[in-house]
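Analysis of the macromolecular model
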Amino acid sequence: MTDRTPTPAVALTIAGSDSGGGAGLQADLRAFAAMGTFGASVVTAVTAQNTRAVTDVHVVPAQVVRAQLDAVLDDLPVAAVKTGMLATSELVALVADQAAAGRLPQLVVDPVLVSATGHRLLEPDAVATYRERLLPHAAVVTPNLPEAAALLERAVDDLDAARAAARDLAATGAGVVVVKGGHLDGGEAVDVVIAGGEEHLLSAPRIPTANLHGTGCTFAAATAAGLASGLPPLRAVERAKSYVTGCIARAADWRLGAGAGPLDHLGITHAAQADGAGPV
């Protein structure tokens, strides 16, 4: 008889699809699975992309996004929600309205603005909608330095600026703010966290690799999975930081694609070696 396992917590990603598989909802769902949660998804956009570039984007109509949300939320016991690419002001407002209505518990907002290859993934007029309507409902918000700069309309390019940005973003009403330090110079990747009015610096050794595609998506999804599993927000952020560092380290020497390669969300290489299949 097969051993039965307890019913997992459910986490929902509201995000774009990445045809290359490294970022977007594909990365989110792998991170959810790795963290022991059941993943549901609402697709906001279909992108044509690989490790080198985003070549096309089709934004899903708002009524279809709303229908997906209703289908999931009316049936599954969603315990936490993560947003990624929302693409337009209309979709940001739609998600903000759902959050204001109390339908998006433990909301983690990853304000995806531009892809790692430089392709804009959000309409410029949607930035204000993010700041004014969505961030106040976020349990956790996870911008990188360029995203924090866009949200605050000023430069955020060193650790002191990141610390100030985290405090100013917390003033929007977001519960916990994480300004990620992947774009900072130095041998440590330092994230600035404001939680309960207190500042925390989370550091990890910077891993030399070009395989960083989907890092932000993965971090936010792992944070949402922690919240869905009952972790308090700061502990969920700390665990997500550790998980992402491991994902980067395991895939550091991968050669998938000619550009910014993906992470190893599921321990693929280690699992293959354990099974005697050799390196992936």
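Residues numbered from 1 in each chain as written. Predicted model: local features only at pLDDT ≥ 70, side-chain atom pairs only at ≥ 80, totals over all residues. Heavy atoms only, no water.

1. Some thoughts on the pairing of strand 8 (residues 188-195)
Most of strand 8 sits out of view: 7 of its 8 residues are buried. As paired strands, strand 8 and strand 9 (residues 198-205) are joined by 8 bridges and run antiparallel to one another. Along strand 9, the bridge assignment pairs Asp191 with Leu202. Between strand 8 and strand 9, which pair antiparallel in sequence order, lie 2 residues; one of them, Gly196, sits at a positive phi of approximately 60 degrees. (Buried < 20%, exposed > 50% of the residue type's maximum accessible area, 1.4 Å probe, protein only. Helix = DSSP H or I, 4+ residues; strand = E, 2+ residues; numbered from the N terminus. Pairing = 2+ DSSP bridges.)

2. Overview of the pattern of salt bridges
Within this structure, the stated rule accounts for 12 salt bridges. A salt bridge links Asp110 to Lys180; the shortest N-O distance between them is 3.9 Å. With a gap of 70 residues between them, Asp110 in the loop between strand 5 (107-109) and helix 4 (126-134) and Lys180 in the loop between strand 7 (176-179) and strand 8 connect regions that are remote in the sequence. Classification of Lys180 by relative accessible area gives buried; the value is 11%. The closest approach of N and O atoms between Arg154 and Asp168, which form a salt bridge, is 2.7 Å. Remark: Asp168 occurs in helix 6 (residues 159-170) and Arg154 occurs in the loop between helix 5 (145-152) and helix 6; sequence separation between them is 14 residues. According to the relative accessible area criterion, Arg154 is partly exposed, its value standing at 34%. (Salt bridge = Lys/Arg side-chain N within 4 Å of Asp/Glu carboxyl O.)

3. Concerning helix 2 (residues 62-73)
Every α-helical turn comprises 3.6 residues, leaving residues that sit three or four positions apart pointing alike. The first and last C-alpha atoms of helix 2 sit 16 Å apart over 12 residues, in line with the 16 Å expected at 1.5 Å per residue. Residues of helix 2 that are buried: Ala62, Val65, Gln68, Leu69, Val72 and Leu73. The buried side chains of helix 2 occupy one side of the element, clustering within an arc of 125 degrees when seen end-on. Residues of helix 2 that are exposed and angled more than 90 degrees away from the buried face: Gln63 and Ala71. (Expected span 1.5 Å × (residues − 1). Arc of directions from axis to C-beta.)

4. Examining unusual backbone geometry
Phi angles above zero are rare outside glycine, and Ala87 is one such case at about 75 degrees. Ala87 sits in the buried class, given a relative accessible area of 6%. The phi dihedral of Glu153 is positive, around 60 degrees, even though this residue is not glycine. Since its relative accessible area comes to 65%, Glu153 is described here as exposed.

Fair warning: the whole summary comes from geometry, so function is off the table for now.
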